[in-house]
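# Structural overview
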Amino acid sequence: MSGRLTRLVCTAALAAGTVLVPLPAVAVPEPGEPSVARLLTDLQRLYREAERATETYNATEEKLKAQRAEVRRLDGELSRVRLSLHDSRGAAGRLARQQYQGSTEISSYVRLLLARSPQHALEQGHVIGQLARERAETVGRLTGSEKKADELARKARTALDKQLALAERQKKDRDEVRGRLTDVEEMLASLTAEQLVDIGELEEKGVEEAQRDLVTSGALGAGPAEPSSAGEKAVGYAVRQLGKPYEWGAEGPRTYDCSGLTSQAWDHAGTSIPRTSQEQWERLPRVPLDELRPGDLVVYHRDATHVAMYLGAGEVVEAPRTGERVKVSPIATHPILGAVRPDGDQAREAR
């Protein structure tokens, strides 16, 4: 990581209060009470279910945005074709009037038969051919415009039906997220202050152990790696968001969810990436953990439902979960699925 970027990360991390403190001992539960470990497992499960529902909602939202754009495109194209159809019908009407008035190729053919000279006959023949071609073109345009208008109208209706179905699915996804968050809130409300402290301490202890095991294993590589210019910009944007609240479905600038933060950071760096963590994992180039560089995205859990941005030195910046704020965390805060590099294709092309 460059010196300027290191200073930026460190300053922002300190401002957000990310310094860890020694952990006190965890209280022993009373007989009959669930253990702190069980409470932590249950709470983490509820958080994960809420995050999974959030990413499903985000995916539907992206599909709905794309479908709305498709409906607008089809509506615009249909309007243009209908205007063309109107013009073609006007031209066809003029042809019909000319035929009725005897000014089409039929009367020209009669004049050809009555021509006084061969040269005049040839000239009349040219007129007949030209009129015939114009008539054929007009009829062809009319027929083609009618077929195209009918086809576009069918596509537009289908696209609108799909948009309405996606909107209905989005409402269900939204209700699912809210239901999962209610489960989290109800569990938190059922816990005593002492239990909440114990759960937090046990969770931090687990993260510390996982981080220590990951670092000592050498899985993160031997030394620091320099970010690409785009990666440095993405990291710079992400750390400037430290301290802002997590909000499901949010893409900034005041609040973020996990993939909203990473997608917006790379968008501000000039690289458009998928909106959801699952799509980021599926569609972006994979990179081994021992080749991580700042700006790469670390994806978590087997179903790729959480994502953070690598800062270097075994740390990531993340929008963690409901009730928390964007912060710097150890890379092993969650079970790691793998990592991706948003500008990996460009890097390979450059080489």
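Right above here is the structure, for reference.
Since the structure is predicted, the reported quantities are computational estimates derived from the model, not experimental observations. (Residues numbered from 1 in each chain as written. Predicted model: local features only at pLDDT ≥ 70, side-chain atom pairs only at ≥ 80, totals over all residues. Heavy atoms only, no water.)

### Details of the overall build of the chain
From N to C terminus, the chain includes nine helices and five strands. When the helices and strands of the chain are read in sequence order from the N terminus, they spell out α-α-α-α-α-α-α-α-β-β-β-β-β-α. Residue burial in the chain is summarised as follows: out of 351 residues, 42% are buried. Across the chain, the fraction of contacts at a sequence separation of at least 24, relative to all contacts at a separation of at least 6, is 71%. Accessible surface, the chain: about 19600 Å² in total, of which carbon and sulfur atoms supply 53%. (Helix = DSSP H or I, 4+ residues; strand = E, 2+ residues; numbered from the N terminus. Buried < 20%, exposed > 50% of the residue type's maximum accessible area, 1.4 Å probe, protein only. Contact = heavy atoms within 4.5 Å. Areas by Shrake-Rupley, 256 points an atom, 1.4 Å probe, with all protein chains shown as cover.)

### Topic: helix α6 (residues 229-240)
Counted at 1.5 Å a residue, the expected span for α6 with its twelve residues is 16 Å, and the 17 Å between its end C-alpha atoms agrees. The buried fraction of α6 amounts to nine of the twelve residues, a majority that puts the element mostly inside the structure. (Expected span 1.5 Å × (residues − 1).)

### A closer look at the side chain of Glu324
Mapping Glu324 onto the fold places it in the loop between β3 (315-318) and β4 (327-330). Polar side-chain contacts of Glu324 include one of 2.7 Å to the side chain of Arg321. Here Glu324 is in contact with Pro245 and Tyr246, once residues within four sequence places are set aside. (Polar contact = N/O pair within 3.5 Å; in protein donor to acceptor, adjacent residues only side chain to side chain.)

### Topic: empty space enclosed by the protein
Throughout the structure, instances matching the rule amount to one cavity of 30 Å³ or more. Approximately 60 Å³ is the volume attributed to the largest cavity. In terms of lining, the largest cavity is formed by Tyr47, Ala50, Glu51, Thr54, Leu181, Tyr246, Trp248, Pro320, Arg321 and Thr322. Sort the elements by how many residues they give to the lining of the largest cavity and helix α2 (residues 36-101) lands first, with four residues. Grouping the constituent residues of the lining of the largest cavity by class yields six nonpolar, two polar and two charged. (1 Å grid on protein atoms, 1.4 Å probe; cavity = no way out; pocket = protein on both sides within 12 Å on 5 of 7 lines; lining within 4 Å. Points joined across faces, edges and corners; volume = space filled by probe spheres on them. Nonpolar A, V, L, I, M, F, W, Y, C, P; charged D, E, K, R; others polar.)

### Some details on the packing of aromatic side chains
All chains considered together, the criterion is met by one aromatic pair. Considering the side-chain rings of Tyr57 and Trp248, the 5.0 Å spacing of their centres and the 80 degrees angle between planes classify their relative orientation as edge-to-face. Placement of the pair is Tyr57 in helix α2 and Trp248 in the loop between α6 and α7 (258-268), with a sequence separation of 191 residues. The class for Tyr57 is buried, based on a relative accessible area of 15%. (Phe/Tyr/Trp six-rings, centres within 6.5 Å; stacked < 30°, edge-to-face > 60°.)

### Considering unusual backbone geometry
In the segment running from Gly252 into Pro253, the intervening peptide bond is cis, with an omega of 0 degrees. Along the chain, Pro253 falls in the loop between α6 and α7. You will see that Ala304, though not glycine, has its phi angle at about 55 degrees, which is positive. With respect to the helices, strands and loops of the structure, Ala304 is situated in the loop between β1 (297-300) and β2 (306-312). A positive phi angle, near 55 degrees, is found at Ala313, a position not held by glycine. Structurally, the position occupied by Ala313 is in the loop between β2 and β3.

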